[in-house]
Amino acid sequence: MIEEADPFIEFLRPPLNETPSERATRKIRESEEKHISDAIDEQIRQEKQMLQKQKELVKVLLLGQSESGKSTTLKNFRLEYARGEWEAEKASWKAVVQLNLIRSITSILDAIQAEIDGEPLSTALELDDLEAPAQPRGSVDMLSVPNEVESNPSTQSALSAEDIQKLQLYRLKLAPLRRVEMDLKLRLGVATEEVTSMDDMPETQSDPGTDTHSLESPDSRHMLRLRKSRRRRIQGEEIVVRGLRWTEFLTYGRTRSVSGKTRASFELQESAEGGATDVLAGCKEDMKILWMSGTVRNVLKKRKIEMENNAGFFLNDIDRIASLSYLPSDDDVVRSRLRTVGVQEYRIFVDTTNTLNLNARPRREWVLYDVGGSRTMRRAWIPYFQDVNAIIFLAPISCFDEVLLEDPSVNRLNDSVALWKAIITSRLLQNTTMVCFLNKCDILKRKLRSGIQFRNFVREYGNQPNDITPIVKFIKDRFRNIAIKYSITQRTTYIYTTSVTDTKATAVTLKSVRDSIFRENLASAKFV
């Protein structure tokens, strides 16, 4: 049998009368052409590999208003699924915990000084509108001033001369903490402090086009406003650090791999932490006496300052944190507070072996995005909606009696409800898995136990018991009904009640979130 000739052999055959120099030149040219061809093949292979990786990558976006618990939720994810990096970075959080403790002490000292000086209380309230048109269903009833708020709080100090002398003495003894606070800020790269009182905010209007009178976005025109003329609430402004700077700080603490000017800056400032540890240890007993003082507690109570509900509360851990050998625990890192400006992105690998999908890969890469929650940052959310697989929305349900710092006419619970509705109705997110954390249940429980009446702020709640179980059910039903009513396409929405500062309980919740998504086999979200 005669074999057919290869039609390309004529093109590949060397010239018949090729000279040695021509042959050398041809070999060089062919080698270069093969190198280019191999490079193209490699590029195609890498692009295919990248496309496959992008298909397998799970993108999760954490959304919610400021101080809703997004950063704390992100910490819990990293604690559970990026343990190696977490352990390597944990020591870097020591400066943050120390700064949180010092700022709590200085806030108390400022409150004491305000009381001594007879400054006005921070709870003076007034109604902006005297008229009270009928409120729609779902409205927040802010017309009834809670019993615990006095209409004309006295500014007369009730401190005795002996009390004032003692408190001034502690103020002097704890004065070194002010310098340490500045040193730690320098170390962390704190460049700005965001507005934390309504006194510093210009008049703002509600977002155009917002339906503030619908069932899901209650009427906010009758919210109580804090007096524009009053003093700033004394709880300390929130510390803010640029996201890039914070990432570099953690990277330096983990690997010492930053270089150049940044490395020199961190090395120069590293001595500040040692100085802070020494000063805190020296002030430990005085800090404990100050915090445990009945006189101080009475001043804080009179001025409606609830230190326990503040983020970064460590006053009950002074003995441990103010020791020379202190190292942060997992709970310390999760509970610490440091707001970063800009988007934070972290990658974790989630174990899938315990799910019902037997064909799933053992580990899947997730990329988590934590974006700012203040009103000025919300426009930056939209670019992250593209190709996002899941959204975890944080709604702080303990904030039913609070207003937005950016706009004192808007109740924080109302704002979360309106945000949830906007996300549910977005066409960009119609195929996205929705998870909602009704967060800060621990603080909600403390508020209810203190006597604050939920019905005074949420009229639709009616005369139901002022207990956490029916209140959480009421709020949960509201969020679930919005998801059912306004979802463009039929989908399952997962709603959990959480206190994300509780690492053990949150770890169980995160596994439940993971398992629920895998169990539903949401192919469109590419989780399985």
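Residues numbered from 1 in each chain as written. Predicted model: local features only at pLDDT ≥ 70, side-chain atom pairs only at ≥ 80, totals over all residues. Heavy atoms only, no water.

Q: In this structure, what is going on with the overall build of the protein chain? I would like to understand it.
A: The helix and strand inventory of the protein chain stands at 17 helices and eleven strands. Within the protein chain, the fraction of its 528 residues that count as buried is 48%. Residue pairs in contact within the protein chain that sit at least 24 positions apart in sequence constitute 80% of those at least 6 positions apart. Looking at the protein chain as shown, the accessible area adds up to about 27,100 Å², and 52% of this sits on carbon and sulfur atoms. (Helix = DSSP H or I, 4+ residues; strand = E, 2+ residues; numbered from the N terminus. Buried < 20%, exposed > 50% of the residue type's maximum accessible area, 1.4 Å probe, protein only. Contact = heavy atoms within 4.5 Å. Areas by Shrake-Rupley, 256 points an atom, 1.4 Å probe, with all protein chains shown as cover.)

Q: Sorry if this is basic, but what is going on with the UniProt feature "binding site: Mg(2+)" (unreviewed entry) in the protein chain here?
A: With numbering aligned to this structure, UniProt lists the feature "binding site: Mg(2+)" (unreviewed entry) at Thr 340. The residue Thr 340 is located in strand β6 (residues 339-341) in this model. (UniProt positions renumbered as here; feature names shortened; annotations may be inferred.)

Q: Teacher, can you tell me more about helix α11 (residues 294-302) here?
A: Structural remark: α-helix, 3.6 residues per turn; residues separated by three or four positions point the same way. Where α11 is concerned, the buried positions are Val 296, Val 299 and Leu 300. Looking straight down α11, one finds that the buried residues subtend no more than 95° of arc, so they occupy a single side. Of the residues in α11, the exposed ones pointing more than 90 degrees away from the buried face are Asn 298 and Lys 301. The N-terminus of α11 is capped by Ser 293, whose side-chain oxygen sits 3.3 Å from the backbone nitrogen of Thr 295. In the stretch just after α11, Lys 304 is the one whose phi turns positive, near 55°. (Arc of directions from axis to C-beta. Polar contact = N/O pair within 3.5 Å; in protein donor to acceptor, adjacent residues only side chain to side chain.)

Q: Which parts of the structure should I look at to understand the UniProt feature "binding site: GTP" (unreviewed entry) in the protein chain?
A: The UniProt feature table records "binding site: GTP" (unreviewed entry) at Asn 439, Lys 440, Cys 441 and Asp 442. Here Cys 441 lies in helix α15 (residues 441-449). Ignoring sequence-local partners within four residues, the contact set of Cys 441 consists of Ile 397, Ile 468, Thr 497, Thr 498 and Ser 499. Those residues within four positions of Asp 442 in sequence are excluded, and the remaining contacts are Ser 499 and Thr 501.

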